[in-house]
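Spelled out from the first residue to the last, the chains are:
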Amino acid sequence: MPLRKAGGPALAEFDLIILGAGAAGMLGALAAHQRGLRVCLVDPHWDVANNLAISGGLFPAAGSVLQAQAGVHDSPQIWLDDLRAFAGDSVNESIAHSVAHALPEVMDFFTSRLNAPIDFLPDVVSPGHSRCRFHSTKPAGGRSLHESLRQLIAARSNIQVCPRPIGLERLTTGFAGSDGQSQVQAPHVMLAGGGFGANPDWVAQHIPAMRGALYNGAAHSDGSTMALGVSWGAQLWGMDGFQGQGHTNPGGRTRLGMAIPTMGGILVNRSGLRFVREDIGPSALAPWVMAQAGGQALEVFDAHIAAGLAQHSAYQEAWRASQVVTAEDVPTLAAKAGVDAQGLQDTLAQVNAIAQGLATDALGRQHFARVLSGPFLASWVTGALSHTQGGLLTDGDGRVRDAKGRWIHGVWAAGGCAAGLSGRGAHGYLPGNGLAQSFGLAWRMAQALATTA
Ligand SMILES: Cc1cc2nc3c(=O)[nH]c(=O)nc-3n(C[C@H](O)[C@H](O)[C@H](O)COP(=O)(O)OP(=O)(O)OC[C@H]3O[C@@H](n4cnc5c(N)ncnc54)[C@H](O)[C@@H]3O)c2cc1C
């Protein structure tokens, strides 16, 4: 409730101030509001696309009611098993279990409590996931997911939105700040300003292999809320981990999405030759693609696969941006794309033999979903840095830890600002980890805070 000190600016008291209105901040605000907490949601870049809006919008919720209704047997434990098999010892065990178990609850919150247009997507397959378990808007896309959450926030007058910067101070009693027009204070703060992908100095320091690499994430992921946590004594974890994107069209404006290899597509270099098991995941693919001549590779698939991408917003945007070439036969495709025709012809013959069980793949790929046949499609891709995974170390409820592992009282974090679920370099990032952590940890924070505040 806004108060006014005699002669002074308006003073508003809240239970929680959230810095950052992205995936973590908005879910945190909605969940805390649902638990009866008074929330101030601060974002000085309110009208600029954040990572949630840029993202593919796909998040796993293993064991959700909708997934079970669709007949898919899954559970938080099976997802955890997949995560550990994929990411090995880079899993952040401080949060993995609690995030896995939070996600079906988040989905239930979206559908039963908020009536949000978010659904289970039975046709989205992904490397590293043993089940179909992605959820999103239909068609899947970060922009529509972002828009849905913004509408839910706007409909709740008790969530106070502040689209201006707030200089926040940590006091013995909590946190206080001013945006120049009014003062706000609260006993708790949630740091949710995203990762540091847009901060070239930090990228060079923590992820030297991606120094100067194409960055296709949000402009304001500059690590500012992470730095605030550090200034209060927070411990950092996993700073070299990042979400790479090996299906990014050159220039970074569009991308193909992660599904094409799982549906049977391949990647070749300018000689028309494959160079990697394409199904290692979009993040791990990025350094492989960057290592090819010109830092690019050609993603090759066919009309049958393209038809299965009708619900994939990222691919549809790339298509509309004329990033995809089509051809009835392989020589025409090679000529249009500018790769060696004989090399591509031989590669496709080999791949189709493997798909028919007549040969094995020298690169170790086990699964080729189909025999590729004309009409063919292809699109040039490069590797990009999408989102960093290192950040403030928290417990499974999002409480920020200091160097000795103690909670910095009143300080919570989730999303890119907090340490992610897994990842060393690009290899440990399992698709969906970003939003899974953002939503899961923010949800847990709200439940824990409701019993603390
Ligand atoms: C190209 C791309 C594709 C992706 N696809 C997927 C996907 O399909 N599935 C998935 O799980 N993940 C995906 N991700 C990752 C996902 O987008 C992020 O993990 C997620 O958005 C992180 O949420 P966040 O709230 O931390 O950050 P954001 O969603 O970026 O929100 C952070 C907000 O904080 C604000 N902010 C910044 N500094 C401050 C400050 N000092 N004070 C107040 N506010 C501040 C920003 O303006 C922004 O609105 C993708 C990312 C990219 C770039």
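All of these numbers come straight from a predicted model, not from anything done at the bench.

**Concerning the site of the ligand**
Item 1. Close contacts around the ligand come from 42 residues, with Gly-20, Gly-22, Gly-56, Gly-415 and Gly-434 the closest.
Item 2. For the shell around the ligand, the elements supplying multiple residues, two or more each, are helix 1 (23–34), helix 2 (51–54), helix 8 (224–231), strand 14 (242–248), strand 18 (376–388) and helix 14 (433–452).

**A look at the domain arrangement of the protein chain**
Item 1. Once the domains are mapped, the protein chain shows domain 1 (2–199 + 389–452) and domain 2 (244–385).
Item 2. Look at where the C-alpha atoms of domain 1 and domain 2 centre, and you get two points 33 Å apart.
Item 3. A class-by-class count of the residues in the side of domain 1 that touches domain 2 yields nine nonpolar, six polar and two charged.

**Focus on the environment of Ile-54**
Item 1. Assignment of secondary structure puts Ile-54 in helix 2.
Item 2. Classification of Ile-54 by C-beta neighbours within 10 Å gives buried; the count is 20.
Item 3. Note: C-alpha distance between Ile-54 and Ser-144 (90 residues apart in sequence) is 10.0 Å.
Item 4. With sequence-adjacent residues up to four places away left out, Ile-54 is seen in contact with Ala-49, Gly-142, Gly-217 and Ala-218.

**Re the sheet that holds strand 7 (residues 134–136)**
Item 1. In spatial order, the strands read 5-7-6; together these three strands make up an open sheet with antiparallel pairing. The two strands at the open ends of the sheet, each matched to only one other strand, are strand 5 (59–60) and strand 6 (119–120).
Item 2. With two bridges connecting them, strand 5 and strand 7 associate as antiparallel partners. Opposite Pro-60, over in strand 7, you have Phe-134 as the bridge partner.

**Some words on helix 13 (residues 341–355)**
Item 1. With 15 residues, helix 13 extends 21 Å between its outermost C-alpha atoms, agreeing within 8% with the 21 Å of an ideal straight helix rising 1.5 Å per residue.
Item 2. For helix 13, the full list of buried residues reads Leu-344, Thr-347, Leu-348 and Val-351. What you see down the axis of helix 13 is that its buried residues fit within an arc of 100°, all on one side. Away from the buried face of helix 13 by more than 90 degrees, exposed residues Gln-342 and Ala-349 are located.
Item 3. In this structure, the buried residues of helix 13 make contact with strand 15 (266–268) and helix 12 (330–337).
Item 4. A positive backbone phi angle near 80° is found at Gly-357, which sits one or two residues after helix 13.

What counts, and at which threshold
- Residues numbered from 1 in each chain as written.
- Predicted model: local features only at pLDDT ≥ 70, side-chain atom pairs only at ≥ 80, totals over all residues.
- Near = placed C-beta within 6 Å.
- Helix = DSSP H or I, 4+ residues; strand = E, 2+ residues; numbered from the N terminus.
- Domains from an automatic or database assignment.
- Nonpolar A, V, L, I, M, F, W, Y, C, P; charged D, E, K, R; others polar.
- Buried ≥ 20, exposed ≤ 12 C-beta atoms within 10 Å, placed from the backbone.
- Contact = placed C-beta atoms within 7 Å.
- Pairing = 2+ DSSP bridges.
- Expected span 1.5 Å × (residues − 1).
- Arc of directions from axis to C-beta.

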